[in-house]
Amino acid sequence: MKVELRGITKRFPGVIANEDVNLSVNSGEVLALLGENGAGKSTLMNCLYGLYKPDEGAILINDQIVDFETPGDAMAAGIGMVHQHFMLVPVFTVAENLMLGNESVNGPLGVLNLGDARKRINDLSDKYNLPVDPDALVRDLPVGVEQRAEILKALYRDADCLILDEPTAVLTPDEIAELEKVIRELADSGKSIIFITHKLGEVMRIADQIVVLRHGKVVGRTTPEDTTELGLASMMVGRDVQLVVDKPEAEPGAPMLEVRDLSVLDDRDAVAVESLDFEIRAGEILAVAGVQGNGQTELVEAITGMRPALTGSIHLDGEDITSATPRELWTRDLGHIPEDRQADGLVEPFSVADNLVLNTYNWKPFAKGILRDSSEVRSHANQLVEDFDVRTASIDTHAGTLSGGNQQKVIVAREFTHSSRLLVAAQPTRGLDVGSIQYIHGRIVAERDSGAAVLIVSSELDEVLALADRVAVMYEGRFSGMLEGDEISRNRIGLLMAGRTGDSVDSQDGDSQERDSQETDTREPPTQDPAANGSTE
Amino acid sequence: MTTIPANASADEIQAPTDGEVALEAEELRKAKRVGWIWIFVGVAIIWLFGFGSEAGVETTFNLSLESDLSITLPSRISCFVIGAIIVLLGIVQSMRPLPKRTIFTVLVVLLAVFAFLIWATRDSSFSMVGMLQSTLIRATPLALGALAGVLCERSGVVNIAIEGMMLFAAFMGSFAAAASGNLWIGFAVGVVSGGILAYGHAGLSVTYKVDQIISGTVINFFALGITSYLAAQILTKYPDLNRAGTFARIKIPILGDIPFIGEILFDNNIYVYVAYFLLPFVTFMLFKSRWGLRVRSVGELPKAADTVGINVYRTRYISVILGGGAAGLAGSFLSLGSVGSFQQNMTAGRGYIALAAMILGRWNPMGALGAALLFGFAESLQSKLAIIGTPIPSEFLLMAPYIVTLFFVAGFGGRAQPPAADGVPYEQG
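Residues numbered from 1 in each chain as written. Chains lettered and ligands numbered in written order. Predicted model: local features only at pLDDT ≥ 70, side-chain atom pairs only at ≥ 80, totals over all residues. Heavy atoms only, no water.

A. Highlighting the overall build of chain B. Scanning chain B for helices and strands turns up 15 helices and 5 strands. In summary, chain B has a C-alpha radius of gyration of 25 Å against a globular reference of 22 Å for 429 residues, a match within 12%. With the principal axes as the frame, chain B shows a C-alpha extent of 75 × 65 × 40 Å. Counting across all 429 residues of chain B, residues that qualify as buried make up 49%. Here the analysis covers contacts within chain B between residues at least 6 apart in sequence; of these, 76% occur between residues at least 24 apart. (Helix = DSSP H or I, 4+ residues; strand = E, 2+ residues; numbered from the N terminus. Rg over C-alpha atoms; globule rule 2.2 N^0.38 Å. Buried < 20%, exposed > 50% of the residue type's maximum accessible area, 1.4 Å probe, protein only. Contact = heavy atoms within 4.5 Å.)

In structure tokens:
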């Protein structure tokens, strides 16, 4: 099926999300839609999928102009979307999810014919090599399988054009490789594929043609043969970029954070962190890598006093902080950049100025007795906004209206104003543009160099590689490996993220060497001793 | 069974980890603690009710209102036996936890209540059939009200306006029946008027995205105000308009002649039979039909429903209005099915109790029926015991089921899981 967008413009109050965008994808072709967060990729696809109505322009399918009022219309025309946040009901089975809106039923009461759905799902599974159990509850599925179900959901509706919105964000490197294979097979069977991403590597591997969006406009069209990752990055950002952070050698001091036998439960009372032992020295960055949902969130929450520990102890510079509250931790110089900046980092309806004193509002000089000193708060805010280059209309602007990067800068400014002994940063640059990433990375390294112990949790391998002095890879609540110095490589981390232990990583190192060759990482060691596995040095 | 190919690697079964072992041990401790509680209950029954009953005294339970069918039990020995059974169950449970703990817990509670009745009514006779009949009559409006809640909340709209819808329907149904002289017109008007208020609730909470608790509260106060006003203005001036009468009981042939059971279950008015039909039917439709799948998807993840072409707003409107109809049934039952006239604020909080029944029943109509029966049983036990006169203040008995609900809602005995999008207005796009 040939899908074409012609002159699509979509405006929202105050912004032009898409401006005169043209693109077309043929049957059997994979088109990668590349762009930074906020470049307008998702808006464009939501237009194609009938969720938004474009203000100008036309959508053509097989050279016929079509008009989609609802996603139902788009689906009927053969367009299927695999959403970034899976559109699967967790308490339904796979079969129920797939048939939803497209049910086969019996009798006047409309009784669901699950047998029929099961059969169709199994047929599709076999045909496209996407195995999934139709009777499994979606909430019990690992993310990779959930995504398979999501793809099957589109195929179940006879989609001929598949839109995949950032499909690799939640996958392990192995699962990504698997997905790339599936995408290729789907294209070969005649489907047209639109693949939205901001990751350069996967674009180079699977795209037939590449369209780069910036600020809602198409700024480049190319193919993997005619460009490089660096070229794509420059196109995305609009200037030359440097993908690596400048970082002097670490000079670790005495152990600052010591975690012993720490186990933590998640919200469902399952064990999320299991008997972890590690320490971080002053002046050292430990990065915890891993696919989201392997206990990183719970680990950070336990250290920062937001979640009780089931067993074990946490010491900061010799003091027991296992059951300290976030406020006590703040007074002991813990800086925290939380994972969910909107929920845990800011009070969105509060002004930027108030958010900058969220943890110090009741201290001098911001408070006099029970009253606040708003002139001190304001001058403090003005100073920080300038120092940290927060782009905001004024310090009275509601924090919720800032862009993600500026929200993050507000948090960083607040947490970095007094020198910390321990800095915990969870996904510190998620969803930020390259400029903000560089800035925040620089600040984190500066914090380390001033003697803080730094714990970074990130599911972005690039970030881990850029910042880490040591890397712990978290898998199912444990560290599947601890890498240091020359041992740190994209390939090793990737295997550990998938749950391989240190030994098997070594034995496979040679086989997958070629996968590493395209990376900019130069630290890949030629040969290795068995990697340090488990706990601290 | 479908086989999962080998490359579904993360599905592999793995040996339990330390943490899971720790959790299992915790589970075992909990199960054993339940056993100890049972032993305690059993001993308490022997001590309080067994020794509390004088030797040689008997308790008589009447099993029929129409005939002399009854059983007579020796009070003290019966309590000893029941206590011993519970102690035995407790010992087994504390040594090796029984499977299906819920069923045994219910059994223990029923036995304990039975022992209590034997003790409380010793040396006299007690109409078992009368108490169970009134249990069912009291449970019916609660179950129908809970059904209203289930229909709304399964689609993602919190409905605390059941109380108001019931009250409004009780008035309108009674008024219409008295004015027209036809109970069936009252029945229909009751259902429709519940639906009309529900339409208002849907408009406020679905279209205008008003906080659903506020919208519901407003409707409750509106219903209380308007019915009190109209009752004072119209019904006191024209008392004839408040003589609606009640639906007669219909005895079902054959089934109704079964001793004991027939008198309780198959000799009731139309509302009870409607509830018999609706509760299982809606349960079936919710979980087995296309309609139910769509309603539940809208209550769990409306965005997913939207992206596959299901109209979230319309689905919510319809569900809330259907729920209003159920609340209308529950409300008009009070005037047309039981009292025969309208009285100011005659729902007296039953809408809220129905909400509790819905939660205790885990958002499942049949579960809500179970909870409603529990609440109804406690109420009717209380009223019967208040007449007989027992050393325990009967009001305490009335509190018991709500304490159970409180514990349950607080997360003891398995957390109740409301629909994920319950109470969250849906924004398109």
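Moving on from the coordinates now.
B. Region of interest: the sheet that holds strand β15 (residues 284-289) of chain A. Residue and element names in this part refer to chain A. Here 6 strands make up an open sheet; going across it, the order is β18-β21-β22-β15-β23-β24 and the pairing mixed. Two strands close off the open sheet at either side, each with one partner strand: β18 (334-337) and β24 (478-484). Within the sheet, the average angular offset between the axes of one strand and its neighbour, ignoring direction, is 15 degrees. In this structure, β15 lies alongside strand β22 (residues 453-457), joined through 5 bridges in parallel fashion. Pairing of Ile285 across the sheet is with Val454, part of β22. Relative to strand β21 (residues 422-426), helix α9 (residues 296-303) is tilted by about 150 degrees, and along the sheet it contacts β15, β18, β21, β22, β23 (470-475) and β24. The sheet contacts of helix α14 (residues 404-416) involve β18 and β21, and relative to β18 the element is tilted by about 175 degrees. (Pairing = 2+ DSSP bridges. Axes fitted to C-alpha atoms, helices over the stretch in contact; angles between N-to-C directions.)

C. Structural view of the domain arrangement of chain B. Residue and element names in this part refer to chain B. Domains assigned within chain B are domain 1 (27-123) and domain 2 (129-409). On a C-alpha basis, the centroid separation for the pair domain 1 and domain 2 is 33 Å. Both sides together, the interface formed by domain 1 and domain 2 hides about 1,100 Å², and carbon and sulfur atoms give 73% of it. For domain 1, the biggest contributors to the area lost against domain 2 are Leu63, Leu65 and Phe116; these three give 38% of the whole. Remark: the boundary between domain 1 and domain 2 carries 0 salt bridges. Residues that form the side of domain 1 that touches domain 2 fall into these classes: 8 nonpolar, 3 polar and 1 charged. (Domains from an automatic or database assignment. Buried area = accessible area lost by both parts, 1.4 Å probe. Salt bridge = Lys/Arg side-chain N within 4 Å of Asp/Glu carboxyl O. Nonpolar A, V, L, I, M, F, W, Y, C, P; charged D, E, K, R; others polar.)

D. Just the interface of chain B and chain A, in detail. Across the boundary between the two partners, chain B contributes 34 residues, which contact 41 residues of chain A. Buried surface at the junction of chain B and chain A, summed over both partners, amounts to about 3,000 Å²; 65% is from carbon and sulfur atoms. In terms of surface lost to chain A, no three residues of chain B exceed Leu293(B), Thr307(B) and Val308(B), which account for 21% of the buried area on that side. The interface formed by chain B and chain A includes 2 salt bridges.

E. Spatial organisation of the packing of helix α5 (residues 162-180) of chain B against helix α7 (residues 212-235) of chain B. Residue and element names in this part refer to chain B. Here α5 crosses α7 at 25 degrees, and the two axes come no closer than 7 Å. Classified by the angle their axes make, α5 and α7 are roughly parallel. As α5 runs across α7, the sense of the crossing is left-handed. Judged by residue contacts, Ile162, Glu163, Gly164, Leu167, Phe168, Phe171 and Phe175 of α5 engage Ile219, Asn220, Ala223, Leu224, Ile226, Thr227, Leu230, Ala231, Ile234 and Leu235 from α7. In the contact of α5 with α7, the residues fall into 13 nonpolar, 3 polar and 1 charged. (Parallel < 35°, antiparallel > 145°, perpendicular 65-115°, else oblique. Left-handed = near helix turned anticlockwise from the far one by under 90°.)

F. Just the pairing of β21(A), in detail. Of all 5 residues in β21(A), 5 are buried, a share of seventy percent or more. Burial along β21(A) is two-sided: the face carrying Leu422(A), Val424(A) and Ala426(A) and the face carrying Leu423(A) and Ala425(A) are both buried.

G. Summary view of unusual backbone geometry. All names here are of chain A. Each neighbour pair has its own omega, and for Lys364 with Pro365 the value is 5 degrees, a cis peptide bond. Position of Pro365 relative to the elements: it lies in the loop between α12 (352-356) and β19 (367-368). With a phi angle near 45 degrees, Asn62 is a residue other than glycine that sits in the positive phi range. Among the secondary structure elements, Asn62 is positioned in the loop between β4 (56-61) and β5 (64-66). What makes Asn62 partly exposed here is its relative accessible area of 44%. The residue Glu166 is not glycine, and still its phi comes out positive at about 45 degrees.

H. Quick look at the packing of aromatic side chains. Within this structure, the stated rule accounts for 23 aromatic pairs over all chains. With centroids separated by 5.3 Å and ring planes inclined at 75 degrees, the aromatic side chains of Phe12(A) and Tyr52(A) adopt a geometry described as edge-to-face. Of this pair, Phe12(A) sits in strand β1 (residues 3-12) while Tyr52(A) sits in the loop between α1 (41-48) and β4, and the two are 40 residues apart along the sequence. Classification of Phe12(A) as partly exposed rests on a relative accessible area of 28%. Between Phe187(B) and Tyr271(B) the ring centres are 5.1 Å apart and the planes differ by 45 degrees, which places this aromatic pair in the tilted class. With a gap of 84 residues between them, Phe187(B) in helix α6 (residues 183-207) and Tyr271(B) in helix α9 (residues 270-288) connect regions that are remote in the sequence. Assigned by exposure class, Phe187(B) and Tyr271(B) land together as buried. Among the aromatic residues, those joined into a ring-pair cluster are Trp184(B), Phe187(B), Phe247(B), Tyr271(B) and Phe333(B). The ring centre of Tyr156(A) lies 4.1 Å from the NZ or CZ of Arg120(A), which sits over that ring. (Phe/Tyr/Trp six-rings, centres within 6.5 Å; stacked < 30°, edge-to-face > 60°. Lys NZ or Arg CZ within 6 Å of the ring centre and 35° of its normal.)

I. Examining the sheet that holds strand β10 (residues 192-197) of chain A more closely. Residues and elements named next belong to chain A. Taken in spatial order, the 6 strands line up as β6-β9-β10-β3-β11-β12 in an open sheet, and their pairing is mixed. One side of each edge strand has no neighbouring strand; the edge strands of this open sheet are β6 (79-82) and β12 (217-222). Ignoring which end each strand starts from, the neighbouring axes of this sheet average 20 degrees apart. Here β6 runs beside strand β9 (residues 161-165); their pairing, made up of 4 bridges, is parallel. Each residue of the ladder has a partner; that of Val82, found in β9, is Leu164. Strands in contact with α1 are β3 (30-34), β6, β9, β10 and β11 (209-214); relative to β10, the strand with the most contacts, it is inclined by about 150 degrees. Packing of helix α6 (residues 173-188) onto the sheet brings it into contact with β3, β9 and β10, and relative to β10 it is tilted by some 150 degrees.

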